[in-house]
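Residue-level listing of the chains:
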Amino acid sequence: MKVIQTALPGAVVIEPQVFGDARGFFYESYNQAKYHAAGITSTFVQSNVSRSSKGVLRGLHYQWPNPQGKLVSVLEGEVYDVAVDIRRGSPTFGQWAGVMLSADNHRHFWIPEGFAHGFCVVSDHATFSYQCTALYDAKADAGVRWNDAAIGIDWPISAPQLSDKDLKAPLLTDVHAERLPLFAE
Ligand SMILES: Cc1cn([C@H]2C[C@H](O)[C@@H](COP(=O)(O)OP(=O)(O)O[C@H]3O[C@H](C)C(=O)[C@H](O)[C@H]3O)O2)c(=O)[nH]c1=O
């Protein structure tokens, strides 16, 4: 597998080794030894799947406390996936990194604990599959506005379909400091 650094230290893209043959293909979607060797040593405790239509944007979401690291990939279609560093005290606070994930490129994106995460669907539909390093905690569920100009994400779509929750998400500057994850060296 290949590990590709992004503009955001800590958020990395993983390209698994794909074994193709006349039947189709096989790849390891996670391998503890290989991921630990790549510095991704978190343990995954929950897996999620969501399916969305073209133009849907889910995000930007995070949990605090109980922050979730996420290893995300796409099993059908294509999405533009974004991680944002929102950890108080981080040298890259407010910075983001984006990557195209698709069923064809098999790419996985590791989004560390304390980052906000979101994606928008650019294909007709997309099935999004991901593992989390902490259990979902509705009381800790939080969000930041997808088009917050202070973050400045260059989304490939302009008028996304959002949930009511995401429509009403606060700007990063309006989030009280104690509601933001803490940067740990
Ligand atoms: C995330 C989650 C949700 N739910 C329930 C809560 C709601 O009744 C329903 C839909 O939740 P929500 O609208 O928050 O789902 P998404 O918009 O896909 O949110 C997710 O998508 C963004 C991109 C993320 O990074 C997070 O994993 C997560 O926030 O599922 C659960 O029961 N367990 C869960 O782990």
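Before any of the text, the structure's been laid out above.
For the structure given in this document, a descriptive report is provided here. Not measured: the values here are computed from a predicted model.

Further remarks concern the pairing of strand 1 (residues 2-5). Inspection of the sheet shows strand 1 paired to strand 2 (residues 12-15) by four bridges, in the antiparallel sense. Bridge pairing links Val3 to Ile14 in strand 2. The hairpin formed by strand 1 and strand 2 contains six residues between the paired strands, and Gly10 there has a positive phi angle of roughly 105 degrees.

Our next topic: the site of the ligand. Within the structure, the ligand sits among Gln46, Asn48, Arg58, His61, Lys70, His117, Phe119, Tyr130, Tyr136 and Lys165. In this structure, Gln46 approaches the ligand through a side-chain N or O atom, which is 2.9 Å from an oxygen atom. One nitrogen or oxygen atom from the side chain of Lys70 is found 2.9 Å from an oxygen atom belonging to the ligand. Considered on its own, the ligand offers 660 Å² of accessible surface; in the complex 65% of this is hidden by protein. Of all elements in the fold, only strand 5 (46-53), strand 6 (57-63) and strand 11 (115-121) reach the threshold of two or more residues within the shell around the ligand.

Across the seven residues that make up strand 11, a large majority, seven, are buried. Neither face of strand 11 is open: one carries Phe115, His117, Phe119 and Val121, the other Ala116, Gly118 and Cys120, and all of them are buried. Pairing of strand 6 with strand 11, which is carried by three bridges, proceeds in the antiparallel orientation. Counterpart to Arg58 in the pairing with strand 11 is Phe119. Here seven bridges tie strand 8 (residues 78-85) to strand 11, and the two strands are oriented antiparallel to one another. Bridging from a neighbouring strand, Val79 pairs with Val121 of strand 11.

A few words now on the pattern of salt bridges. For the coordinates displayed, the defined rule picks out eight salt bridges. With a closest N to O distance of 2.9 Å, Glu15 and Arg107 form a salt bridge. Note that Glu15 is positioned in strand 2 and Arg107 in the loop between strand 9 (96-102) and strand 10 (108-111), a separation of 92 residues in sequence. In this structure, Asp137 engages Lys139 in a salt bridge whose closest nitrogen and oxygen atoms are separated by 3.2 Å. By relative accessible area, which is 74% here, Lys139 ends up exposed. Among the ionic contacts, a cluster of salt bridges with common partners joins Lys2, Glu15 and Arg107.

Criteria and thresholds
Residues numbered from 1 in each chain as written. Predicted model: local features only at pLDDT ≥ 70, side-chain atom pairs only at ≥ 80, totals over all residues. Heavy atoms only, no water. Pairing = 2+ DSSP bridges. Helix = DSSP H or I, 4+ residues; strand = E, 2+ residues; numbered from the N terminus. Near = heavy atom within 4 Å. Polar contact = N/O pair within 3.5 Å; in protein donor to acceptor, adjacent residues only side chain to side chain. Areas by Shrake-Rupley, 256 points an atom, 1.4 Å probe, with all protein chains shown as cover. Buried < 20%, exposed > 50% of the residue type's maximum accessible area, 1.4 Å probe, protein only. Salt bridge = Lys/Arg side-chain N within 4 Å of Asp/Glu carboxyl O.

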